[in-house]
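Survey of secondary and tertiary structure
Residues per chain, in single letters:
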Amino acid sequence: MAEQYYYALGSVLAIVMATGLLYNLLRKRNGRGEGNAAAAANATTTTTTTEISGVYRSKKDDDVDVIIVGAGVAGAALAHTLGKDGRRVHVIERDLTEPDRIVGELLQPGGYLKLIELGLQDCVEDIDAQRVFGYALFKDGRNTRLSYPLEKFHSDVSGRSFHNGRFIQKMREKAATLPNVRLEQGTVTSLLEEKGTIKGVQYKSKNGEEVSAYAPLTIVCDGCFSNLRKSLCKPKVDVPSCFVGLILENCELPYVNHGHVILADPSPILFYKISSTEIRCLVDVPGQKVPSISNGEMAKYLKTMVAPQIPLQLQDSFIAAIDRGNIRTMPNRSMPAAPHPTPGALLMGDAFNMRHPLTGGGMTVALSDIVVLRDRLRPLLDLNDAPTLCRYLESFYTLRKPVASTINTLAGALYKVFCASPDEALKEMRQACFDYLSLGGVCSQGPVSLLSGLNPRPLSLVVHFFAVAIYGVGRLLLPFPSPKRVWIGAKLISGASGIILPIIKAEGVRQMFFPATVPAYYRAPPVL
């Protein structure tokens, strides 16, 4: 018996030692391979740099480090950020006049903190921006107030709501003050590619001239309707609904300095101030078709179906806004980030990643992405080795995931929960969500900290989402469970899983919850 024991122990030790020896040999072999690859890469780098200098850069004074396509929120903020770091930036924007949009008007506190980090917080000054301290939720005659957990922050930290165009113009103006940032009006028609590497862009200038511009790195930020994203990612765009936008005047919201969400039928209605005298109203209409504005169907729909469901003190101003006739529509798009890493190019903003705008998280994601990209690029003095830079910037896609995927998942899941449904289980889920948030304490602070971008943790999101589902099941089973209630409870859990799990899968389970297990997470800056 003792001999068998020692034999077994000896076998285990032999296997361990053999494994260690084999691992050591393979590591040495890989080290030699990497050394040879690095030498080859250095040789290639020299050739590529020479080619760029000889062909694409006719004058050294005209050298550009980064071309940015688009000067919306992401493009303008990125131009200022990279310019402040000493990069020579050329921004090409289709229209440099003030935009007029009905979305991108609410910046969450987490986004405002990123704005401070980028040195752009003064861009919400002198545009009549309104401070936002939380949300008010309305359902079936009941309401509850949900405050942002701002106690640990400076008194200036809160959400901000404003006219989107005024905010963008302020950022454009600030970027243009930097001597190494050039803003130009023009329409980019295509990316210039050579041997799989993006070298720059082809664009039509303001006076109609066809121009080619070259830079080591081209960043595409041309918005939700991007016509350049197809070559840089695998876009799967979904349009679950449309927003119908109005501006209300001469009225006050029930809760001052709060966004208002009405859990209406068939889907939510939003109200928030965008100036000291104006309230933005966004009516969500499920699907891709909305009633016609031109023949009066939209006005009839808003007056008969929507108006009776909004707070009484807003109804007169709502009807007056409809009668003024300035009704706007906007498709609500969602698109998970599915980049196709391409040397010489990168996607940012809505061109790269979109989520339902119900939660107002888009600008927070964009600004957070810019902070991550800035930190990735800062150690690099030279951007000319496109393949090496591309491999290094794969870390950007991993590092951005926890924040972006939390906000994206929350937006998609909350929209589906907040929509009315004939299904009994989903009705219970909607009611459970309202009641759970009304409990206060951790039940409201946790979800609101996620919504605000102050605590964008994926695990916390999943815990609270299923806590709502379990809370709903508990309400069904008490005081006496019946077979029907048990069945509805089971469907509620199944329905909750069916809402959130596909969104998480699209975002990427590993990148979202375990980013540290992705090799790119540890990628060090290359020596360029």
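Residues numbered from 1 in each chain as written. Predicted model: local features only at pLDDT ≥ 70, side-chain atom pairs only at ≥ 80, totals over all residues. Heavy atoms only, no water.

Take the state of the cysteines next. By definition, a disulfide links the sulfur atoms of two cysteine residues through a covalent bond. Per the stated rule, a full pass over the model turns up zero disulfides. Free cysteine Cys-251: the closest other cysteine sulfur is in Cys-281, separated by 9.8 Å. Look at Cys-251 and you get buried, because its relative accessible area is 15%. (Disulfide = S-S within 2.5 Å. Buried < 20%, exposed > 50% of the residue type's maximum accessible area, 1.4 Å probe, protein only.)

This structure, assessed with the given rule, holds five cavities of 30 Å³ or more. Looking at the largest cavity, its volume works out to about 320 Å³. Contributing to the lining of the largest cavity are 23 residues, with Leu-410, Leu-414, Phe-418, Leu-437 and Pro-447 lying nearest its centre. Among the secondary structure elements, those contributing two or more residues to the lining of the largest cavity are β5 (134-139), α9 (401-418), α10 (424-438), α11 (442-451) and α12 (458-477). Here the element with the most residues in the lining of the largest cavity is α9; it accounts for five residues. Partitioned by chemical class, the residues of the lining of the largest cavity number 21 nonpolar, two polar and no charged. The calculated volume of the second largest cavity comes to roughly 60 Å³. Lining the second largest cavity are Leu-217, Pro-341, Thr-342, Gly-344, Ala-345, Leu-346, Ala-386, Leu-389, Cys-390, Leu-393 and Tyr-397. At the level of secondary structure, the elements contributing two or more residues to the lining of the second largest cavity comprise β17 (345-347) and α8 (386-399). (1 Å grid on protein atoms, 1.4 Å probe; cavity = no way out; pocket = protein on both sides within 12 Å on 5 of 7 lines; lining within 4 Å. Points joined across faces, edges and corners; volume = space filled by probe spheres on them. Helix = DSSP H or I, 4+ residues; strand = E, 2+ residues; numbered from the N terminus. Nonpolar A, V, L, I, M, F, W, Y, C, P; charged D, E, K, R; others polar.)

Under the counting rule described, the total for this entry stands at 10 aromatic pairs. Ring plane angle 85° and centroid distance 6.2 Å describe the contact between Tyr-135 and Tyr-148, whose orientation is recorded as edge-to-face. Of the two residues, Tyr-135 sits in strand β5 while Tyr-148 sits in the loop between β6 (142-147) and β7 (159-161), which places them 13 residues apart along the sequence. Judged by its relative accessible area of 4%, Tyr-148 falls in the buried class. Pairing Phe-138 with Tyr-255 gives two aromatic rings, centres 6.3 Å apart and planes at 65°, and the pair type is edge-to-face. With Phe-138 in strand β5 and Tyr-255 in the loop between β12 (238-249) and β13 (259-262), the pair connects residues that are 117 residues apart, well separated along the chain. (Phe/Tyr/Trp six-rings, centres within 6.5 Å; stacked < 30°, edge-to-face > 60°.)

So, on to the nonpolar core. Leu-78, Phe-167, Val-201, Ile-219, Leu-373 and Leu-377 are the most contacted members of the largest nonpolar core, which totals 68 residues. Looking at which element gives the most residues to this core, the answer is helix α7 (residues 362-377), with eight residues. Ignoring any residue separated from it by four or fewer positions in sequence, one finds Leu-377 in contact with Leu-82, Arg-87, Leu-217, Leu-383, Leu-389 and Leu-393. Counting residues in each nonpolar core, the second largest holds 57 residues, with Leu-270, Phe-418, Val-448 and Ala-469 among its members. (Core = buried A, V, L, I, M, F, W, Y, C linked by side-chain atoms within 4.5 Å. Contact = heavy atoms within 4.5 Å.)

Moving on, we come to the sheet that holds strand β16 (residues 328-334). Here we have seven strands laid out as an open sheet, ordered β6-β5-β13-β14-β15-β12-β16, and mixed in their pairing. Taken across any chain shown, the strands that pair with only one partner, and hence form the sheet edges, are β6 and β16. Direction aside, neighbouring strands of the sheet carry axes that sit 20° apart on average. Sheet analysis places β12 next to β16, joined by six bridges and oriented antiparallel. Note on β16: the bridge partner recorded for Gly-245 is Arg-328. (Pairing = 2+ DSSP bridges. Axes fitted to C-alpha atoms, helices over the stretch in contact; angles between N-to-C directions.)

The next thing to look at is the layout of surface pockets. In this model, the second largest pocket occupies a volume close to 650 Å³. Lining of the second largest pocket is provided by 29 residues; of these, Met-335, Pro-336, Ile-503, Ala-506 and Glu-507 occupy positions nearest its centre. For the lining of the second largest pocket, the secondary-structure elements that each account for two or more residues are β12, α8, α9 and α13 (483-507). Top contributing element to the lining of the second largest pocket by residue count: α9, with six residues. A per-class count over the lining of the second largest pocket returns 13 nonpolar, eight polar and eight charged.

Judged by which residues are buried, strand β11 (residues 217-220) turns out to be covered on both faces: Leu-217 and Ile-219 on one side and Thr-218 and Val-220 on the other are all buried. One ladder, built from four bridges, connects strand β1 (residues 66-69) with β11; its direction is parallel. Counted as the bridge partner of Val-66 is Leu-217 from β11.

Turning our eyes to something else, we now look at the environment of Gln-445. Looking at the secondary structure, you find Gln-445 in helix α11. Given a relative accessible area of 42%, Gln-445 falls into the partly exposed group. Linking Gln-445 and Pro-149, residues 296 residues apart in sequence, is a C-alpha distance of 6.4 Å.

A separate point is the pattern of salt bridges. With the rule as written, the count across this model stands at 24 salt bridges. Residue Asp-63 pairs with Arg-88 through a salt bridge whose shortest N-O separation is 4.0 Å. Remark: Arg-88 occurs in the loop between α2 (73-84) and β2 (89-93) and Asp-63 occurs in the loop between α1 (2-56) and β1; sequence separation between them is 25 residues. The partner of Arg-328 in a salt bridge is Asp-100, and the shortest N-O contact between them spans 3.3 Å. (Salt bridge = Lys/Arg side-chain N within 4 Å of Asp/Glu carboxyl O.)

Another aspect to go through is the pairing of strand β9 (residues 197-205). Of all the nine residues making up β9, seven are buried; the element is thus mostly covered by neighbouring parts of the structure. Bridge count for strand β8 (residues 181-194) against β9 is eight bridges, and the pairing is antiparallel. Bridge assignment links Thr-187 to a residue of β9, and that residue is Lys-204. From the end of β8 to the start of β9, which pair antiparallel, there are two residues, and Lys-195 there has a positive phi angle of about 55°.

Right, let's get into α2. In this model, α2 (12 residues) spans 17 Å end to end at C-alpha, consistent with the 16 Å of a helix rising 1.5 Å per residue. Along α2, 11 of the 12 residues are buried, which leaves the element largely enclosed by surrounding structure. Considered for burial, the residues of α2 that qualify are Val-73, Ala-74, Gly-75, Ala-76, Ala-77, Leu-78, Ala-79, His-80, Thr-81, Leu-82 and Gly-83. Against β1, β2, α4 (164-176), β8, β11 and α7 lie the buried residues of α2. Immediately downstream of α2, the backbone of Gly-86 shows phi near 95°, a positive value. (Expected span 1.5 Å × (residues − 1).)

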